[in-house]
Amino acid sequence: MVLVRTSERIGRVPPSGIRKFFELAEEREDVISLGVGEPDFSAPWAARDAAIASLERGRTSYTANRGMYDLREAIADHCAERYDLRYDPDEEILVTTGVSEGVDVALRALVDPGDRVAMVDPSYVSYRPGVLLADGEPLPVRTRENEHFRLTYEALDRAGASEADLLILCYPNNPTGAVMHEEHLEPVAEFCREHDLRVLSDEIYADLTYSGEHTSIATLDGMRERTIVFNGFSKAYAMTGLRLGYALGPAEGIGAMNRIHQYSMLSAPTTAQHAALEALVSCDDDVEEMVSAFNRRRRFVLSRFSEMGLDCFEAQGAFYVFPEVPGDDEAFAEGLLEDQGVAVVPGSVFGEAGEGHLRVSYASGLPQLKEAMNRLEAFLA
Ligand code: PLP
C-alpha cells in the first residue's frame, strides 16, 4: 500500500538523463568521465581560508534573507566593473543557494499556470522541469549548428515565441559552448521588446568566455527592466559544492523571488557566503589561471576531434564541446562507455536540437583528456 501519495505535478518531471549515465559509469572502475559539468580544480585557497575562518569565529547563524550585506555590495561592485551590470545591493540582488535555486524561485515567482516559457534548445537540463514544476509550458526554440547554436530573431519567430511570456537564455551555453556577443544579442533583445517577453538570463559561465568579453543581455537598451540575470561561484571559482549563486534584477522581480526564498531557504549557506565574499575580493588571479587551463584543454580536444574527422563546431565558452556523431547519440554514448570506458552525455538529453551530438566536458585534466581522446579514436575505428 502506497501511503506517500505523490503529486500529479511530480509525474510531469522525468528523472535526469545525465544521472542515468553517471550511474552506468559508476558500475565500472576504469571509467574516464567527461560527463560532469564540474571543474576538476578546488576552490581558491583564499576562499577556503575565509570559510574556515568564519567557522572558527563561530559565524554559523542565518544571514539576512537576501544574503550578507557585504557580499551583496561586493557582488554589485564586481558586476558593475566586470559586466557593466549596475544593481542596488539593498533591493536588486538576491544571494541564492546556487544558480539552481535562483532559477527555481524566479520561475515560481514569475510564471502563472499555463504561461509559455521559451527556452534555447539545446540547453541546460534543469530549465524544463523547473518550468513544469511552476505550472508553465516549456516552448523549445531550436538553435542550429550552422548558426553556431546562437539564438536568433528568426528562430524565436519560427518557434512561436511571440506568444511566450518569458524567455530563458543560457550563454555561454551548456551543452554547446556557444557564446553570444552584443551583435548577436541585439536581435534577440529586439524580439523581447517587440513581444514584451521577460528574460531569465543564466550567465553562470560568463567568465569562461574564450573569445572577447562576455555581454549580458540586461545591458542592452530596454532590457534591464525585463531581465533577471543569474550568476554564481560554482564554475568560475570551482565552488560547486559550496552552493552559492546570485540573481540581479529590478526590485519587483527580486522582491518576489525573495518572498519564496525567505520561506524555502531562509538564507543561502553562511559559510559559503564568507568564501564567496573573499573569492570576489581576492581571487581574480585564480580565476584567470583556471580559465587559461580550460582554454588549453578546449583547443586540445577540438584539435583531436578534427584529427579524428569528427565534425565539431568551435565552442567558445563554458567547458563543453558538442561534436556530431554518427547515428543515434544515446546508442553512441552507451557504446563508448561499454567498449572504452569513456563517459559523455548524449546531446538529446538537452533537447531535440541536441540529437546526433555528444556533450563532452573538458573540465577534467589534460592527462585524462588525452587518454579519453585515444579511447574515442579507438572506438570510432
Ligand atoms: N546553470 C547552468 C547553465 C549550469 O550548467 C549549471 C550546472 O551545471 C547550473 C546552472 C547550476 O549552477 P549552481 O551550481 O550554481 O546551482
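Here goes a summary of the coordinates provided. (Residues numbered from 1 in each chain as written. Predicted model: local features only at pLDDT ≥ 70, side-chain atom pairs only at ≥ 80, totals over all residues. Heavy atoms only, no water.)

Another aspect to go through is the packing of helix 3 (residues 69-83) against helix 9 (residues 270-282). Running from amino to carboxyl end, helix 3 crosses helix 9 at an angle of 30°, the nearest separation of the two axes being 9 Å. The chirality of how helix 3 crosses helix 9 is left-handed. Residues D70, L71, A74, I75 and H78 of helix 3 form the contact with helix 9, whose participating residues are Q273, A276, L277 and L280. Taken together, the residues of the contact of helix 3 with helix 9 break down into six nonpolar, two polar and one charged. (Axes fitted to C-alpha atoms, helices over the stretch in contact; angles between N-to-C directions. Helix = DSSP H or I, 4+ residues; strand = E, 2+ residues; numbered from the N terminus. Left-handed = near helix turned anticlockwise from the far one by under 90°. Contact = heavy atoms within 4.5 Å. Nonpolar A, V, L, I, M, F, W, Y, C, P; charged D, E, K, R; others polar.)

With that settled, the discussion passes to helix 7 (residues 182-194). Under the 1.5 Å per step criterion, the end-to-end length of helix 7 is 18 Å for 13 residues, consistent within 8% with the ideal 18 Å. All buried positions along helix 7 are accounted for by L185, V188, A189, F191 and C192. Along the axis of helix 7, the buried positions cluster into a sector of 155°, meaning they face one direction only. The inward-facing, buried residues of helix 7 abut helix 6 (153-158), strand 5 (166-170) and strand 6 (198-202). Positive backbone phi, approximately 55°, marks D196, located one or two places after helix 7. (Expected span 1.5 Å × (residues − 1). Buried < 20%, exposed > 50% of the residue type's maximum accessible area, 1.4 Å probe, protein only. Arc of directions from axis to C-beta.)

A contiguous nonpolar patch, built from M1, L3 and V4 and spanning about 460 Å² of accessible area, is present on the exposed surface. With respect to the helices and strands, the residue L3 is situated in the segment before helix 1 (17-26). Judged by its relative accessible area of 70%, L3 falls in the exposed class. (Patch = residues over 30% accessible without salt bridge, like charges linked within 9 Å, V, L, I, M, F, W, Y side chains within 5 Å. Areas by Shrake-Rupley, 256 points an atom, 1.4 Å probe, with all protein chains shown as cover. Salt bridge = Lys/Arg side-chain N within 4 Å of Asp/Glu carboxyl O.)

Quick look at the pairing of strand 8 (residues 245-248) now. Side chains G245 and A247 project from strand 8 onto one buried face, and the interleaved Y246 and L248 project onto a second face that is buried too. Of the pairings in the sheet, the one linking strand 2 (residues 93-96) to strand 8 comprises four bridges and is antiparallel in character. Bridge assignment links L94 to a residue of strand 8, and that residue is A247. The pairing of strand 7 (residues 227-232) with strand 8 spans four bridges and is classified as antiparallel. Within strand 8, the residue paired with N231 across the bridge is Y246. (Pairing = 2+ DSSP bridges.)

Omega for the peptide link from D121 to P122 comes to 5°, which places this bond in the cis form. Considering the arrangement of structural elements, one finds P122 in the loop between strand 3 (116-121) and helix 5 (127-133). Look at the link from Y171 to P172: it is a cis peptide, with omega at -5°. Within the secondary structure, P172 sits in the loop between strand 5 and helix 7. The backbone phi angle of F149 is positive, close to 55°, even though this residue is not glycine. Note on placement: F149 falls in the loop between strand 4 (137-142) and helix 6. The buried category is assigned to F149, whose relative accessible area is 1%. Even without being glycine, A318 reaches a positive phi, approximately 55°. Within the secondary structure layout, A318 lies in the loop between helix 10 (284-308) and strand 9 (320-321).

Remember that the coordinates give geometry; whether it matters functionally is a separate question.
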